[in-house]
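# A closer look at the structure
Residues per chain, in single letters:
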Amino acid sequence: METSEIQSALAQSRSLPHGRGRTERLETLAAAAKSGPDRALEGSVLLELAQAYAYAGERDLAPVAYGRLLRIYDDFPAELGPLAHSVHWYLKWLTWGLIENPAVPLQTTYRWLDELESRYRQRGYSVRPVLALRSDLARELGQHDMAAELLDAACAAARDSMSDCDACERNQWGANYAQAGDDESALESWRPVIDGARSCAEEPHRVLGQALLPMLRTGRTVEARSAHLTGYPLVRHLPDLRRSVGEHIEFCALTGNEARGLEMLAEHAAWLTDPGADVAIRLAFISGVCVLLRRLSELDLGALAVGAGTVDSVRTELSVEIGELTAKYDARNGNTVVSDRVAARLAQGPLVGHLPLGMRNTLPRKVAAVAPATSATVDEQAEDALQLAELAAVRLVDYPKDAEQYLRRALSIGATALPAEHLARLSSQLVMVLSGQPGREYELADAALTAAARWEPISTADAIHLTFVAARACHRAGRHGEAAALFEQPLASGEQPYPPAEMAIVRRQCGESLRKLNRFRDAAKQFVEAARLVHNDPDRVELEAELAWSAAAVLDYCGEDEQAVVAFLRAAHLWGALDRIGPRAKCLRSAAWLQLYGAGMESDRPWLTTMRDLLRELESLAETSPSPELTTELLNTRTQLADMQRDEDR
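Conventions used here
- By convention here, each chain's residues receive numbers from 1 onward along its written sequence.
- Since the coordinates come from a predicted model, pLDDT governs what is reported: local features require at least 70, and pairs of side-chain atoms require 80 or more to be given and counted, while whole-chain, interface and lining totals use all residues.
- As a rule here, side-chain values come from all non-hydrogen atoms in the structure, and water together with hydrogens is ignored.
- Helix axes are fitted only over the stretch in contact, all axes being lines through C-alpha atoms; the angle between N-to-C directions runs from 0 to 180 degrees.
- Numbering of helices and strands starts at the N terminus; helices are DSSP runs of H or I of at least 4 residues and strands are runs of E of at least 2.
- Handedness of a crossing follows from how the near helix is turned relative to the far one, being left-handed for an anticlockwise turn of less than a right angle and right-handed for a clockwise one.
- Whether two residues touch is decided by their heavy atoms; if any such pair falls within 4.5 Å, the residues are in contact.
- Under this grouping Gly is polar, as are all residues other than the nonpolar Ala, Val, Leu, Ile, Met, Phe, Trp, Tyr, Cys and Pro and the charged Asp, Glu, Lys and Arg.
- Here, nonpolar core means buried Ala, Val, Leu, Ile, Met, Phe, Trp, Tyr and Cys residues that are tied together by side-chain atoms lying within 4.5 Å of each other.
- Relative accessibility thresholds used throughout: buried, under 20% of the residue-type maximum; exposed, over 50%; partly exposed, between the two (1.4 Å probe, protein chains only).
- Aromatic rings from Phe, Tyr and Trp, with only the six-membered ring used for Trp, were paired whenever their centres fell within 6.5 Å, and each pair was classed as stacked if the ring planes differed by under 30 degrees, edge-to-face if by over 60, and tilted otherwise.
- When the NZ atom of lysine or the CZ atom of arginine is within 6 Å of a ring's centre and also within 35 degrees of its normal, the charge is said to sit over that ring.

### Description of the packing of helix 4 (residues 62-75) against helix 6 (residues 106-123)
A pair of packed helices can be characterised by two numbers: the angle between their axes and the separation between those axes. Where helix 4 contacts helix 6, the two axes come as close as 15 Å, and the packing angle between them is 35 degrees. Where helix 4 crosses over helix 6, the two elements pack in a sense that is left-handed. Taking contact as the criterion, the partners of Leu70, Tyr73 and Asp74 in helix 4 are, on helix 6, Trp112, Arg119 and Arg123. Considered class by class, the residues forming the contact of helix 4 with helix 6 number 3 nonpolar, no polar and 3 charged.

Structure (structure tokens):
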């Protein structure tokens, strides 16, 4: 291949999704570049290849590519000078991969850490990331005191351009504490990441998965549910984060959500037979899977289909593989730290009887319609619970806080004494009481999900309604990751429990939460469907206009210019029908900009027609019905038309 061909193919490879296809393409380009005369180009290809291995979950393949890159860098410093920062930045990634690769002897890893530190010092970089990596290795070896000392030293060293971001560093701090058995300190370290105060391209993705079990073990069940609902969508499609996927599957297994765990596993069935090249990620993923498979076996569901086999057969195969992988680590490390840690993970029992996560899953679950009432004690409990429920009923409207307390006590006392439907109705009453109290969205969402779980075996419609109640409460509270996950559960099933206008509101809220998460295409689908639900409803023209405008905005964000123009023009038409000249003008100008740059490079210059028509309309209205708003819109339209004409002439 010629140099220009390699450069063009390299640019094209960046649009490919991370995975084997992308790495294979880059491997081909690396071979072609090696035989060519341009060492800087070869360095660029090798750098991209090393990154691609990392994002494909194949870090164990990176050392060969990076070894070649370093030789070129050392032999041709002038040619690869512009890549100096990137070369040293990704050396950290390479080193992390070496630490977690049992095929690399410890002596080699220590020598490489010394080499890394030497290179950093020669370039004038801080040793902060090197010390952090030494801490990682100590932690892997079970040397928790040394790991803590090294991490303290890393934190004391200066930050510079080679330092990881605060979110990634906090991931490491929390991991150190968690592996040492200090859940509280781990969660304290992760708190800014969990709360969204610190983030990056890879966080909070990883931290939310790591924090799940520490949250459960410290009694933070509601927070754990939020971390799962928010975190799983972030990692579900990323091969390099399959470790995190395994943590979410494990979480489901230990919270009475084995059905949901099985559904998640089905999404990633291909990973069961795709060991890839990264041993550490593989071991972490299949260990989480085996926690679920063990739970399913304990529930007498070993014959359920999983991938190409059954729960029991796949568990047997993976258990053998886990034994082989942990033996490699033990042999390298000279101890049984890794095998002991994995064995403890696989032996875990449920941490919560059942933590409601939203809609019911497909796994058969044993549900008692009526709690056994065979003893006088149970009868007395039932009677006490019913009396409390009656006291709550007469206070629901005038004394909601009193009613809430009576209902909570009734549900607690009657949990093992009342019929399932009675418990479900009391749970719904608690939801009603909380929904009338502003500022209690967190508690409302929790109560609604608990009620939904109680209605699941009795009334699907009630379970769906209560899931939406929880989703809308999370939306109002700004917990958009959790809200989106809860909205999407019933919406994905095609359920429409409300009249069209109310369903449009539900879909709009879902779209708004998705937009907050930068899931613009998914948000657009919700806004478009919501607008369709109220299309031609004379009482909902303003709502349809708002929805069309919202759809246009997110379509614009994700580069769907032609669809965005259609949506902007539709919104403008609806605003015009309502005599809302301000929103109409804004939508028409947005459409014109897209017609100029994205969707309308046609020779008939549609953007110019749009703007001139708008200008004439505004000028005519200004003569008959002048207003400050019209003055503002006229000025903005004239200014932007002049800007468009200048841009076209450039």
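Picking up where we left off.
### A word on the nonpolar core
One finds Val431, Phe468, Phe487 and Leu547 to be the most contacted residues of the largest nonpolar core, which totals 95 residues. Here this core takes 9 residues from helix 24 (residues 460-476), the largest share from any one element. If we ignore the near neighbours within four places in the chain, the residues touching Phe468 are Phe487, Pro490, Leu491, Pro497, Tyr498, Met503 and Val506. Of all hydrophobic cores here, the second largest spans 53 residues; its members include Ala227, Leu254, Leu292 and Val342.

### Things to note about the side chain of Asp136
In this structure, Asp136 sits in helix 7 (residues 128-140). Those residues in contact with Asp136 that sit more than four places away from it in its chain are Trp96, Ile99 and Gln172.

### A short note on the packing of aromatic side chains
Scanning the entire structure with this criterion turns up 9 aromatic pairs. Between Tyr120 and Tyr125, the aromatic rings sit 5.6 Å apart at their centres with planes inclined by 65 degrees, giving edge-to-face as the arrangement. Its relative accessible area of 14% is what places Tyr125 among the buried residues. Considering the side-chain rings of Trp549 and Trp575, the 6.0 Å spacing of their centres and the 80 degrees angle between planes classify their relative orientation as edge-to-face. Within this pair, whereas Trp549 is found in helix 28 (residues 541-557), its partner Trp575 is found in helix 29 (residues 561-577), the two being separated by 26 residues in sequence. Judged by its relative accessible area of 28%, Trp549 falls in the partly exposed class. Residue classification places Trp575 among the buried residues on the basis of a relative accessible area of 2%. Through pairs of rings, three or more aromatic residues link up here, namely Tyr55, Tyr90 and Trp93. Over the ring of Trp271 we find Arg242, and its NZ or CZ is 4.5 Å from the ring centre.

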